[in-house]
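# Remarks on the overall topology
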Amino acid sequence: MGKIRLYLLARELGISNNDLIKALKDLGVEVKSHMSTVEEETARIIKEMFGNEKDKETETETKKRKEIRLKKSATITSIAESLEEEPKEIMKSLIEKGLMININDKLSGDILNDIADALDIRITVEEKEEKKKPTTKKKSIDKSKLTPRPPVVTIMGHVDHGKTLLLDVIRETKVVETEAGGITQHIGAYQIEVNGKTITFLDTPGHEAFTTMRARGAQVTDIAVLVVAADDGVMPQTVEAINHARDAGITIIVAINKIDKPNANPDRVKQQLSDHNLVPEDWGGDTVCVEMSALQRTNIEELLEMILLIAEMEDYRADSKAKTRGIIIESQLDKGRGPVVTALIKEGTLSVGDPIVAGTAYGKVRALFNDKGERVKEAGPATPIEVLGLSDVPDAGDILELVQDEKTARNISTLRKGEKRDRELTTDRAVNLEEFFSRMSQEEVKELKLIIKGDVHGSVEAIKESLERIRSDEVKLQIIHSGVGGITESDVILAAASRAIIIGFNVRPDSNARKVAERENVDIRTYRIIYQVIDDIKKALEGLLEPEVREKVTGRAEVRRTFKVPRTGTVAGLYIQEGKIHRNSLIRLIRDGVVMHEGKISSLKRFQDDVREVEENYECGLALEGFQDIKENDILEAYVLEEIKRTID
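Just so you know, these numbers come straight off a predicted model, no measurement behind them.

## Digging into unusual backbone geometry
- Although it is not a glycine, K258 sits at a positive phi angle of roughly 65°.
- Here K258 shows up in the loop between strand 10 (251-257) and helix 11 (266-275).
- Residue class for K258 comes out buried when judged on its relative accessible area of 18%.
- With a phi close to 65°, N506 is a non-glycine residue in the positive phi region.
- Secondary-structure assignment places N506 in the loop between strand 24 (500-505) and helix 17 (511-520).

So this is what it looks like as structure tokens:
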């Protein structure tokens, strides 16, 4: 006779491990922990015990609850009408129960269940047959066609609580060291093998600016690992992560990290989690909590075992022969390879040569690469894959779909582009941030228009989402255009025509764009840390712009050749295209429109002589402090920092 793990039995019954252990002890069965096993016969008796109790409770509760019938897309107002009460009274009752819902929100099934529990009523939603809503997902599923798939796990939590380091330890890589400021700013998808089983991980950013990206991670996820630092506790972004996971209806495992810190207090964290209805198992609840240290590699195996246990219980499956659908996790434009997207396949199998469409982009799969960078021929469900062959860069979060042929894909793309074009807005003349505030104070302008360009879609989306949350009584923000890649002349022309300011995140304007911007007085502001963007715009709207340190580009050069010099490292042979480079200039290295490095000059020479400066149309040799990865065709910008007083006259 087989045995059943206690943890899985508790999950199946929907009770806490402590309640199950107590019931077993009442039956005279001694167990040590929720990781123990029991005989199948014992499990059957326990199921009958708790099943009967549950049936009685449900029957009694059903009899005494008042029932109302609602149509789909119900609101608080329609609930109030059915109950013959005032909407404000319903709202008051819900707030008292901790449910924050707007009066005009369209209420989904999960929210209606919460409302029913809060108001102690039964809600039945009237299902109307809609002729025109065919979806492959809603059709009856032939279980024999489903095959086991890896669980998709998202690491979520507050900034600097150790999410990426945890993944780093699991994957035995050095992801943390590659992120600017140690903060994850893009989504990554990876697969690992544990005890012969595969787990797919999504690494989502923890900074509050990346709410949208984190939400997307939850929507494609089966299990969320919520990382909470034992020395810091539950923070605002921790609560956001909990809400995203709950909205997606996925299981939450809490990893209480940094228990090696002297001021670590796991019990305080558990108390804070309980306040958000995540009651730990050892406190009588159902939430799995693993106390661990990513830095010291403590209890990592236990965390992975918990993930596999939940995956075993939930038995995640997918139809690998269904029509292929996936979600774009990240997308960017690579000069050598064209549009490159990272997608997570949800169902079906994506193969090389398949005609696909994603957002407004279409194409034929030219090549597929797995998370290790290896070329593969196909990718099945729950597999993260890098796809080449699209005509354009789709938005992160777009659905990638297999279509009949390339002609169909092109037609869908054309239709979507037309719809997008209809939504685009343009107006007249450029304005910089100082002029904008001046005009606002004179009531000449009530709207700040922005163009946002970034290195990848995830960053652009995060900035847009953050800026749209800024509220001001006097002025509103309008993002008229956003995209991936360097700042181009067409971006500047659009900004000049619409009186917009250009925000560049990890990208720079090319030479033509900068000249047009100077001529048209278009304000281009570039950043490498996202919260600096948000702070600057907030200060502008609040009228708190302080004197700023602004850069002035003094020269631009192209790397024609590179040399390896003993004790110096890589030396770039440059041709000065415009302006001049001074020995004390700061240097920005740009590759394919993306900033790769900013720093100081360690050596500047003409032939064998050290020089103080080199002017336009001359050649020179240059080495950078602490940076060796210089390549031919790289662009070097020389600039100085000037302190400029901002005025609102």
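## Some words on the pattern of salt bridges
- The final tally for this structure, using the stated rule, is 25 salt bridges.
- Measuring nitrogen to oxygen at the nearest pair gives 3.3 Å for the salt bridge that ties K261 to D231. Linking K261 in the loop between strand 10 and helix 11 with D231 in the loop between strand 9 (223-229) and helix 10 (236-247), this pair joins segments that are 30 residues apart in sequence.
- Taking relative accessible area as the criterion, K261 reaches 35% and is therefore assigned partly exposed.
- When the shortest N-O distance is used, the salt bridge between E598 and R588 registers 2.8 Å. With E598 in strand 29 (residues 594-606) and R588 in strand 28 (residues 586-591), this residue pair connects regions lying ten residues apart in the sequence.

## Let's talk about the packing of aromatic side chains
- The tally for this structure, following the rule as stated, stands at zero aromatic pairs.
- The ring centre of F369 lies 5.8 Å from the NZ or CZ of R337, which sits over that ring.
- The cationic tip of R588 hangs over the ring face of Y639; the distance from NZ or CZ to the ring centre is 4.3 Å.

## A closer look at a negative patch on the surface
- Among the surface-exposed residues, E84, E85, E86 and E89 lie close enough to one another that they form a single negatively charged patch.
- Counting through the fold element by element, E84 comes out in the loop between helix 4 (76-83) and helix 5 (87-96).

## With respect to the packing of helix 7 (residues 163-171) against helix 12 (residues 300-314)
- Closest axis-to-axis distance for the helix 7/helix 12 pair is 11 Å, and the angle between their directions is 90°. With respect to helix 12, the element helix 7 is oriented roughly perpendicular. Every residue of helix 12 that contacts helix 7 at L166, V169 and I170 is listed here: I300, L303 and L304.
- Across the contact of helix 7 with helix 12, the residue classes tally to six nonpolar, no polar and no charged.

## Re the side chain of Q191
- Structurally, Q191 is set in strand 7 (residues 188-194).
- If we skip the residues at most four places from it in the chain, Q191 touches P150, T198, I199, T200, D371, K372, A382, T383 and P384.

## Observations regarding the confidence of the model for the protein
- When pLDDT is averaged along the protein, the result is 79, and 78% of the positions lie at 70 or above.
- Overall, residues 206-215 carries pLDDT values under 50, and its contacts beyond four positions in sequence, including any with other chains, amount to 50 contacts.
- Here residues 441-445 is a poorly scored stretch, pLDDT under 50, and it has seven contacts once near neighbours within four places are set aside; other chains count.

## A closer look at the environment of L448
- In this structure, L448 sits in strand 22 (residues 447-454).
- Owing to a relative accessible area of 0%, L448 belongs among the buried residues under this scheme.
- It is 9.4 Å that separates the C-alpha atoms of L448 and I537, two residues lying 89 residues apart in sequence.

## Focus on the environment of E615
- Mapping E615 onto the fold places it in strand 31 (residues 613-615).
- E615 sits 38 residues away from Q577 along the chain, and the two C-alpha atoms are 8.9 Å apart.
- Those residues within four positions of E615 in sequence are excluded, and the remaining contacts are I576, G579 and K580.

## A few points about helix 7
- The element helix 7 is largely enclosed, with a buried count of eight among its nine residues.
- Those residues of helix 7 that sit buried are K163, T164, L166, L167, D168, V169, I170 and R171.
- Just downstream of helix 7 lies E172, where phi reads positive at about 60°.

## Observations regarding helix 4
- Listed in full, the buried residues belonging to helix 4 are I76, I79, A80 and L83. For helix 4, the buried positions fall inside an angular range of 100° around the axis, keeping them on one side.
- Among the residues trailing helix 4, E84 stands out with phi positive, at a value near 55°.

## Describing the pairing of strand 21 (residues 399-402)
- Where strand 13 (residues 325-334) lies against strand 21, three bridges are found, and the strand directions are antiparallel. Its bridge partner being in strand 21, I327 is matched across the sheet by I399.
- Where strand 16 (residues 355-358) meets strand 21, three bridges bridge the pair, whose relative direction is antiparallel. Of the residues in strand 21, the one forming a bridge with I356 is L402.

## Comments concerning the packing of helix 16 (residues 489-498) against helix 17
- At a minimum axis separation of 8 Å, helix 16 and helix 17 run at an interaxial angle of 20°. In terms of orientation, helix 16 lies roughly parallel with respect to helix 17. Crossing of helix 16 against helix 17: the hand is right-handed. For the pair formed by helix 16 and helix 17, the contact residues are E489, V492, I493 and A496 on the first element and N512, A513, V516, A517 and E520 on the second.

## Notes on the nonpolar core
- One finds L166, I199, F201, V225, L304 and I307 to be the most contacted residues of the largest nonpolar core, which totals 31 residues.
- Listed by contribution, the elements that provide at least two residues to this core are strand 6 (152-157), helix 7, strand 7, strand 8 (197-203), strand 9, strand 10, strand 11 (288-291) and helix 12.
- For this core, the element with the highest residue contribution is helix 12, accounting for nine residues.

## Side note on the environment of E378
- Along the chain, E378 falls in strand 19 (residues 378-379).
- Residue E378 is classed as exposed on the basis of its relative accessible area, which comes to 53%.
- The spatial distance from the C-alpha of E378 to the C-alpha of G353 is 9.8 Å, given a sequence separation of 25 residues.
- Not counting chain neighbours up to four residues away, the residues in contact with E378 comprise T349, L350, S351 and L368.

## Here we look at the pairing of strand 29
- Note: strand 28 against strand 29, six bridges, orientation antiparallel. Paired with I587 across the two strands is G599, which belongs to strand 29.
- Count of turn residues in the strand 28/strand 29 antiparallel hairpin: two residues, of which D592 carries a positive phi of about 55°.
- Where strand 29 and strand 32 (residues 619-624) come together, four bridges link them in antiparallel fashion. Paired with I601 across the bridge in strand 32 is L624.
- Summarising the sheet, strand 29 and strand 30 (residues 609-610) pair through two bridges and their orientation is antiparallel. What sits directly across from R606, in strand 30, is D609.
- Here strand 29 folds back onto strand 30, and the loop between the two strands holds two residues, one of which, F607, carries a positive phi near 60°.

The rules behind these values
- Residues numbered from 1 in each chain as written.
- Predicted model: local features only at pLDDT ≥ 70, side-chain atom pairs only at ≥ 80, totals over all residues.
- Heavy atoms only, no water.
- Helix = DSSP H or I, 4+ residues; strand = E, 2+ residues; numbered from the N terminus.
- Buried < 20%, exposed > 50% of the residue type's maximum accessible area, 1.4 Å probe, protein only.
- Salt bridge = Lys/Arg side-chain N within 4 Å of Asp/Glu carboxyl O.
- Phe/Tyr/Trp six-rings, centres within 6.5 Å; stacked < 30°, edge-to-face > 60°.
- Lys NZ or Arg CZ within 6 Å of the ring centre and 35° of its normal.
- Patch = residues over 30% accessible without salt bridge, like charges linked within 9 Å, V, L, I, M, F, W, Y side chains within 5 Å.
- Areas by Shrake-Rupley, 256 points an atom, 1.4 Å probe, with all protein chains shown as cover.
- Lys, Arg positive; Asp, Glu negative; His and termini not counted.
- Charge placed at Lys NZ, Arg CZ, Asp CG, Glu CD.
- Axes fitted to C-alpha atoms, helices over the stretch in contact; angles between N-to-C directions.
- Parallel < 35°, antiparallel > 145°, perpendicular 65-115°, else oblique.
- Contact = heavy atoms within 4.5 Å.
- Nonpolar A, V, L, I, M, F, W, Y, C, P; charged D, E, K, R; others polar.
- pLDDT = per-residue confidence, 0-100.
- Arc of directions from axis to C-beta.
- Pairing = 2+ DSSP bridges.
- Left-handed = near helix turned anticlockwise from the far one by under 90°.
- Core = buried A, V, L, I, M, F, W, Y, C linked by side-chain atoms within 4.5 Å.

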